[in-house]
Amino acid sequence: MESGPAEKSKKYDRQLRLWGDHGQAALESAKVCLVNATATGTEILKNIILPGIGSFTIVDAHKVSGEDIGNNFFLEKDTIGKSRAQVATELLLELNEDVNGDFIEETVDNLLRNNSGFFQNFHMVIVTDLPERTLVTLAAQLWESDTPLLVCRSYGLIGYMRMVLKEHTVVESHPDNAIEDLRLDHPFRTLTEYCNAQNMAEMTKKEHSHTPWLVIIYKFLEDWKKHNGEMPRNYKEKSKLKEMIREGILKNQDLVPEDEENFDEAIRNVNSTLVPTKSKPFWILARAVKEFVQNEGQGRLPVRGSIPDMTADSERYIQLQNIYKEQALQDIAIVTNYVHQLLQTLGRPQDNISDSDIKTFCKNASFLQLIRCRSLAQEYDPATANHADIAMHLEDTDDDDLVFYILLRAVDRFYSQYSKYPGCYGDSMEADIPKLKACVSKLLQDWGITQNVKDDYVHEFCRYGASELHSVAAYMGGVAAQEVIKVITHQFIPINNTYIYNAMKQSSITVQM
Amino acid sequence: MAASINGVLEQTLQKSINSCKLLVVGAGGIGCELIKNLVLTGFHDVELIDLDTIDVSNLNRQFLFRKEHVGKSKAEVAKESALKFNPNANIVAYHDSIMGPEYGVDFFKRFALVMNALDNRAARNHVNRMCLAADIPLIESGTAGYLGQVTVIKKGLTECYECQPKPTQKSFPGCTIRNTPSEPIHCIVWAKHLFNQLFGEDDPDQDVSPDTEDPEAAGDAGEVALQSEAKESVAGGVARKSTRMWAQQSGYEPEKIFNKMFRDDIRYLLSMENLWKKRKAPLPLEWNNLPNTAQDGDHSAQLGGIRDQRVWSICECASVFAESLKLCKDQLMNSGDCGTLVWDKDDEPALNFVTSAANLRAHIFHIPLKSKFDVKSMAGNIIPAIATTNAIIAGLLVMEGLKILSGNIDKCKTVYLNRQPNPRKKLLVPCVLDKPNPKCYVCSEKPEVTVRLNTTTMTVHTLEEKIIKGSLGMVAPDVEIDDGKGTILISSEEGETEGNMGKILSEFGIRNGSRLKCDDFLQVYNLNINILHVEKLKEDKEFEVIGDIAELQAQASADNTGPDTNSQEDDDDDDDLIMEDEPTEITTPSRKRKANGASDADLSTKKLKRSIDANCQEDEDIVVL
Ligand SMILES: [Zn+2]
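Calculation notes
- Sequence order as written defines residue numbering, which begins from 1 separately in each chain.
- Chain labels run from A onward and ligand labels from 1 onward, assigned in the order the entries are written.
- Two thresholds apply to this predicted model, a pLDDT of at least 70 for residue-level local features and 80 or more for giving and counting side-chain atom pairs, whereas whole-chain, interface and lining totals are computed over all residues.
- Excluded from the side-chain calculation are hydrogens and water; included are all heavy atoms of the structure.
- UniProt positions are given in the numbering used here, feature names are shortened, and annotations may be inferred rather than shown by experiment.
- Each helix corresponds to a stretch of at least 4 residues labelled H or I by DSSP, and each strand to a stretch of at least 2 residues labelled E; elements are numbered beginning at the N terminus.
- Each residue gets one of three labels from its accessible area relative to the maximum for its type: buried under 20%, exposed over 50%, partly exposed in between, using a 1.4 Å probe on protein chains only.
- Working rule for contacts: check all heavy atoms of both residues, and any pair within 4.5 Å makes them a contact.
- For the accessible areas, the method is Shrake-Rupley and the probe is 1.4 Å, while residue cover comes only from the protein chains on display.
- Think of the arc as the fan of directions from the helix axis to the C-beta atoms.
- Here a donor is an N, O or S atom found within 2.8 Å of the metal, or within 3.2 Å if the metal is Na, K or Ca; sites may look incomplete because water is not among the atoms.
- As a per-residue quantity, pLDDT reports the predictor's confidence and falls between 0 and 100.
- A domain assignment, automatic or from a database, supplies the domain bounds used here.
- Buried area: the sum, over both parts, of the accessible surface (1.4 Å probe) that disappears when the two are put together.
- Pairing of aromatic rings covers Phe, Tyr and Trp, the last through its six-membered ring, and needs centres within 6.5 Å; plane angles under 30 degrees mean stacked, over 60 mean edge-to-face, and all others mean tilted.
- Placement of a positive charge over a ring is assigned whenever Lys NZ or Arg CZ falls within 6 Å of the ring centre and within 35 degrees of the normal to the ring plane.
- Strands are labelled as partners when DSSP assigns at least two bridges between them.
- Lines fitted to the C-alpha atoms define the axes, with helices restricted to the stretch that makes contact. Angles between their N-to-C directions range from 0 to 180 degrees.
- Take the buried residues of types Ala, Val, Leu, Ile, Met, Phe, Trp, Tyr and Cys, join any two whose side-chain atoms come within 4.5 Å, and each joined set is a nonpolar core.

As recorded in an unreviewed UniProt entry, chain B goes by SUMO-activating enzyme subunit and comes from Ridgeia piscesae. UniProt's Sequence similarities (unreviewed entry) comment on chain B is quoted here verbatim: "Belongs to the ubiquitin-activating E1 family."

Going by the annotation in an unreviewed UniProt entry, the name recorded for chain A is NEDD8-activating enzyme E1 regulatory subunit, with Ridgeia piscesae given as the source organism. The heading Sequence similarities (unreviewed entry) in the UniProt record of chain A holds the text "Belongs to the ubiquitin-activating E1 family. ULA1 subfamily."

Following this line, the structure appears as structure tokens:
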């Protein structure tokens with residue numbers, strides 16, 4: 001039984017405030033595949049099922065083991081010996097009645113062999129605990145079909161995640177500290193007219209101190225340009241402009257400057273407003289915006305149409321707000337026209353791209369992001385591996401978390417050779433240490449790296465015995481699910497491309513492998 | 001892969017995991033994840049406390065709960081869900097407030113470790129004090145949207161939760177709210193006050209009628225006569241009675257309340273002509289003659305589940321106003337004789353009431369209208385919350401716990417979770433724990449604090465409720481005047497000092513320089529309060545708490561005014577009122593509904609790491625929480 005729209009909006013209220021209804025809609029129509037219902041795997045699924053992913057499919061040929069039930073919340077004690085895919089699917093489905101889920105009890109190798117198009121049906125494939133050889137084959141196929149892939153694992157006290165995106169575009173990147181789009185360097189006509197009509201010399205004390213800083217900077221910039229021709233460019237010139245603004249503060253009878261907060265704001269905002277208005281382009285929308293930039297925009301992007309808070313009387317604040325809003329609407333109308341023309345040339349209907357999409361695109365025009373990850377094939381081929389970075393990290397400090405990347409690759413090599421992970425059986429620990437050391441050396445040799453990895457790390461990795469600690473799995477489940485949501489909603493910038501978590505030190509790094 | 005923790009964790013640590021007793025405070029977003037993590041890490045002995053019951057809006061992340069659990073105790077249901085996984089675990093659940101007298105120091109002393117998964121400052125303050133008193137390590141956590149934080153508190157070793165002052169809530173001048181709103185938030189605050197006036201507890205600071213003492217209006221003397229006259233006739237003498245009484249007498253008749261709030265009071269405001277010389281004058285609304293406003297053609301309204309994002313027309317507002325008024329009245333009647341309602345953003349009629357009233361007022365003052373979705377955010381101080389952040393933070397919590405249990409508390413960190421990797425490519429920023437603040441009024445050797453207030457106007461009741469309990473976080477204080485006579489001002493024993501409550505501080509000889517000795521037996525906490533008398537405080541605050549006396553003296557000499565002069569008054573003599581939000585709603589646990597709910601986070605616990613100390617491994621992008 002699915003819940004109605006009203007109940008849904010209640011249930012998802014706290015997250016709609018992060019990615020909006022369009023982000024939610026994208027999530028609800030997405031299909032994801034999880035390979036292997038390990039603790040890490042089911043924790044990731046849990047965290048995307050709760051917010052309402054459309055559907056999931058678990059591919060897993062394993063039977064539930066005693067070890068599984070010790071660390072996996074979604075495998076109960078009495079299910080030992082049953083299909084891990086089935087048990088996990090059933091328990092996970094209890095989390096959210098609006099999510100569909102199914103499972104396939106089959107190995108990835110068999111699926112790749114017998115059902116070659118299978119994995120391409122998903123919006124994203126999430127992989128845990130897959131031998132290197134199979135992983136590389138699967139990754140190559142997904143890369144070919146442009147299907148996003150996320151590899152995640154928890155190994156002892158180390159977490160690892162690798163994002164593989166051939167090409168990913170982000171319209172709403174939600175930048176942390178966006179610079180306002182105010183065009184004071186190239187004021188448009190209505191803004192010029194408005195500011196020119198403001199006569200600060202004739203204002204009352206109250207009006208003067210409630211004149212928005214936008215207007216103040218505009219006025220002093222005009223003054224500046226009259227004397228200097230160009231905009232202030234360097235620190236010295238900007239400081240001079242600030243000084244001019246400070247001089248403009250009203251003085252009382254004793255020639256002491258009044259307390260004018262709006263002038264302080266103007267001075268504070270000089271630097272950020274003088275960052276030149278720049279543009280960054282992409283596809284049909286990007287092309288349309290490009291046309292705009294080349295023609296009507298005279299080299300600049302559509303106006304974003306919003307202004308920040310400032311000390312001002314509401315009348316003038318609203319007037320300014322409207323001036324920017326109107327200009328943005330005009331710019332959007334022009335871009336919309338280009339979009340429709342382009343769609344026509346491409347023989348596609350006009351409603352192919354909605355008005356709200358055009359609006360969102362224009363508003364985010366300066367934050368658009370294009371992410372291209374390196375493929376797994378590139379990473380795993382010693383010829384194209386990023387050995388320069390690895391060497392640099394090894395050189396850097398003796399406690400760089402990148403060392404765990406090398407060890408994870410080494411245990412995979414160990415597995416390829418011995419069909420088990422080092423230290424997996426208590427008694428083999430001593431024998432496995434030199435073998436793992438050899439794997440590490442071989443890897444470094446392949447990459448042409450001369451430095452070595454400290455023995456302590458090799459010992460520690462043998463001690464881990466490939467165990468999956470629940471708290472590490474839970475942590476990685478949170479991190480990885482967040483990346484899945486970013487990719488599916490096309491909001492926020494996903495990690496490019498490798499993330500390593502060190503639970504001992506509570507530290508983490510992001511690197512491009 | 002193998003699951004066993006043998007090998008990964010040291011033998012002694014495994015032993016203590018198997019044998020130690022833990023307390024988890026809060027079974028909300030972080031709490032659910034935490035309980036799961038603890039059980040799966042091998043902890044057998046866990047006690048869990050939460051006062052809250054399950055709400056539909058919890059289900060997107062609090063995965064131990066299902067739809068059929070809505071309305072049940074979070075602690076009980078979380079316990080049942082966890083037991084299903086490990087029937088051998090010994091989990092005790094308390095559906096109760098951690099601030100209750102049953103949970104004294106002896107209760108806390110039974111645990112090896114306390115983990116906080118709370119959503120409000122009052123409960124966090126309290127648990128902080130209890131753990132200091134019991135000398136038990138505490139792990140504190142919080143999330144807000146994509147941001148999160150975990151930190152460790154240990155008496156004498158680290159900063160306590162209250163070592164750094166927390167920023168106070170945003171406030172708006174009273175006249176702006178009552179007379180001259182200019183932004184949607186002003187109307188929303190007013191509408192919440194109206195709700196409290198009609199249905200909630202009486203609070204004179206939340207008056208919704210025109211403020212005749214607005215300095216801006218009082219400019220021309222000729223108006224004053226008219227004003228007092230108008231007050232009688234137009235406002236119908238309501239100012240004399242409480243809005244609640246008046247509403248009751250009029251039977252909560254929507255038309256009457258509507259016309260008073262949106263027509264008569266506005267007409268009255270119009271009579272204060274000075275206010276409208278520079279502003280666009282408000283337009284009163286008439287119940288029987290509502291304007292036909294075009295509806296906002298927002299198409300997103302058709303998308304499933306988000307019709308709350310459409311802005312209502314004025315006619316719709318009026319009908320929602322009437323409808324929700326009736327529903328709230330019914331709720332009030334059902335709550336018994338002197339019952340009151342507490343405004344709750346997740347309560348449909350309460351939210352509808354505030355949305356419609358705020359928008360009607362916004363229309364009158366030519367302010368843009370807001371959708372119910374937006375109003376909910378603004379009025380409810382909603383902190384966005386998702387499963388992923390809670391999972392991350394709960395994972396970090398357990399790792400810090402393991403460090404403490406293996407005797408490595410010195411290796412614990414404050415860990416901040418960023419929204420995305422910072423410019424130095426770090427998603428997590430671990431910082432060395434700060435040393436205790438020697439001047440902290442909670443954890444220092446001789447806790448002491450200075451409070452500025454007017455001793456000739458403040459009542460003992462206000463001192464107790466707003467300062468000692470509200471601001472200084474005590475729950476059951478005994479207060480004695482340090483006057484050599486040992487005069488008892490406030491007793492935690494019921495009824496003992498009831499007679500003092502309405503009296504003014506100066507009646508007990510309290511004046512500038514007086515000293516109060518406060519003792520909270522539950523928190524095992526003694527605090528000396530130094531009183532500084534001032535006639536009037538900046539922005540018309542009732543009081544001001546100053547932790548550090550040296551700081552105060554420096555400030556005073558800079559102001560060039562002695563602390564007892566009456567020239568502290570600001571030019572801007574608007575009276576400020578605090579915009580209430582969840583944290584302040586729960587400051588007086590004895591009366592309020594929520595005390596240690598644990599939905600997710602408490603934004604106001606934001607500890608601003610303004611000056612990044614040398615201990616930090618990172619020097620940028622530190623998440624504040
Ligand atoms: Zn302290």
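Having seen the structure, we can now continue with the description.
**As for the overall build of chain A**
Per the secondary structure count, chain A includes 21 helices and 10 strands. Of all 513 residues assigned to chain A, the portion counted as buried reaches 56%. Contacts in chain A between residues far apart in sequence, at least 24 positions, make up 70% of those at least 6 positions apart. Total accessible area computed for chain A in this model is approximately 21,800 Å², and 48% of it derives from carbon and sulfur atoms.

**Notes on the overall build of chain B**
The secondary structure content of chain B amounts to 17 helices and 16 strands. Here chain B holds 625 residues, and the buried ones make up 58% of them.

**Here's the deal with helix 8 (residues 189–196) of chain A**
All names here are of chain A. By the burial criterion, the buried members of helix 8 are Leu191, Tyr194 and Cys195. Take helix 8 and look down its axis: the buried residues cluster within an arc of 95°, on one side only. Buried residues belonging to helix 8 abut helix 10 (213–228) and helix 14 (314–345).

**Some details on the coordination of the zinc ion**
Geometry sets the ideal angles at a metal, namely 109.5 degrees for four tetrahedral donors and 90 or 180 degrees for six octahedral donors. Residue and element names in this part refer to chain B. Coordination sphere of the zinc ion, protein contribution only: Cys160 (SG), Cys163 (SG), Cys440 (SG) and Cys443 (SG), at 2.3 Å. In primary sequence terms, the donor set of the zinc ion follows C-x2-C-x276-C-x2-C. With a gap of 283 residues between them, Cys160 in the loop between strand 6 (147–153) and strand 7 (171–173) and Cys443 in the loop between strand 9 (428–432) and strand 10 (448–453) connect regions that are remote in the sequence. Since its relative accessible area comes to 5%, Cys160 is described here as buried.

**Re the confidence of the model for chain B**
Segments scoring low in pLDDT should not have their predicted coordinates read at a detailed level. Residue and element names in this part refer to chain B. Looking at chain B, the pLDDT average stands at 79 and 78% of residues meet or exceed 70. Between the elements of chain B, mean pLDDT differs from a low of 27, seen in strand 16 (residues 576–578), to a high of 98, seen in strand 4 (residues 113–116). At the level of chain-chain contacts, confidence expressed as ipTM amounts to 0.75, with global pTM at 0.74.

**What about the domain arrangement of chain A?**
Residues and elements named next belong to chain A. Partitioning chain A into structural domains gives domain 1 (4–173 + 469–511), domain 2 (189–367) and domain 3 (380–464). Computed over C-alpha atoms, the centres of domain 1 and domain 3 are 26 Å apart. Contacts between the two partners involve 19 residues from domain 1 and, on the opposite side, 19 residues from domain 3. For the pair domain 1 and domain 3, the summed buried area comes to about 1,700 Å², and 65% of that belongs to carbon and sulfur atoms. For the domain 1 face of the interface with domain 3, the top three residues by lost area are Glu132, Arg153 and Tyr155, together amounting to 35%.

**A closer look at the packing of aromatic side chains**
Scanning the entire structure with this criterion turns up 31 aromatic pairs over all chains. Taking the centre distance of 6.3 Å and the plane angle of 15° together, the rings of A:Tyr405 and A:Trp447 count as stacked. Of this pair, A:Tyr405 sits in helix 18 (residues 403–418) while A:Trp447 is found in helix 19 (residues 429–447), placing the two residues 42 residues apart along the sequence. Both residues of the pair, A:Tyr405 and A:Trp447, belong to the buried class. Counting every residue linked through ring pairs, the aromatic cluster contains B:Trp190, B:Phe195, B:Phe199, B:Tyr252, B:Phe258, B:Phe262, B:Trp287, B:Phe321 and B:Phe353. Taking NZ or CZ as reference, A:Lys435 lies 4.8 Å from the ring centre of A:Tyr418, over its face. When the ring centre of B:Trp246 is taken as reference, the NZ or CZ atom of B:Lys260 above it lies at 6.0 Å.

**Brief notes about the sheet that holds strand 6 of chain B**
All names here are of chain B. With mixed pairing, eight strands are arranged side by side in an open sheet as 3-2-1-4-5-6-8-9. Each edge of the sheet is formed by a strand with only one pairing partner; in this case those strands are strand 3 (90–94) and strand 9. Taken pair by pair, the neighbouring strands of this sheet meet at an average axis angle of 15°, ignoring direction. The pairing of strand 1 (residues 21–25) with strand 2 (residues 45–49) spans five bridges and is classified as parallel. Within the sheet, the bridge partner assigned to Leu23 lies in strand 2 and is Glu47. Against the sheet, helix 5 (residues 121–134) touches strand 1, strand 4, strand 5 (138–144) and strand 6, its axis set at about 165° to strand 5.

**Re the nonpolar core**
Of all hydrophobic cores here, the largest spans 169 residues; its most connected members are A:Phe119, A:Phe461, A:Tyr499 and A:Tyr501. In terms of residues, this core owes the most to one element, helix 14 (residues 387–405) of chain B, which gives 11 residues. What A:Phe119 contacts, discounting residues up to four positions off in sequence, is A:Cys33, A:Val35, A:Val59, A:Val108, A:Leu111, A:Leu112, A:Val125, A:Leu138, A:Gln141, A:Leu142 and A:Thr147. Within the second largest apolar cluster, 55 residues are counted, among which are B:Met99, B:Cys131, B:Leu132 and B:Val442.

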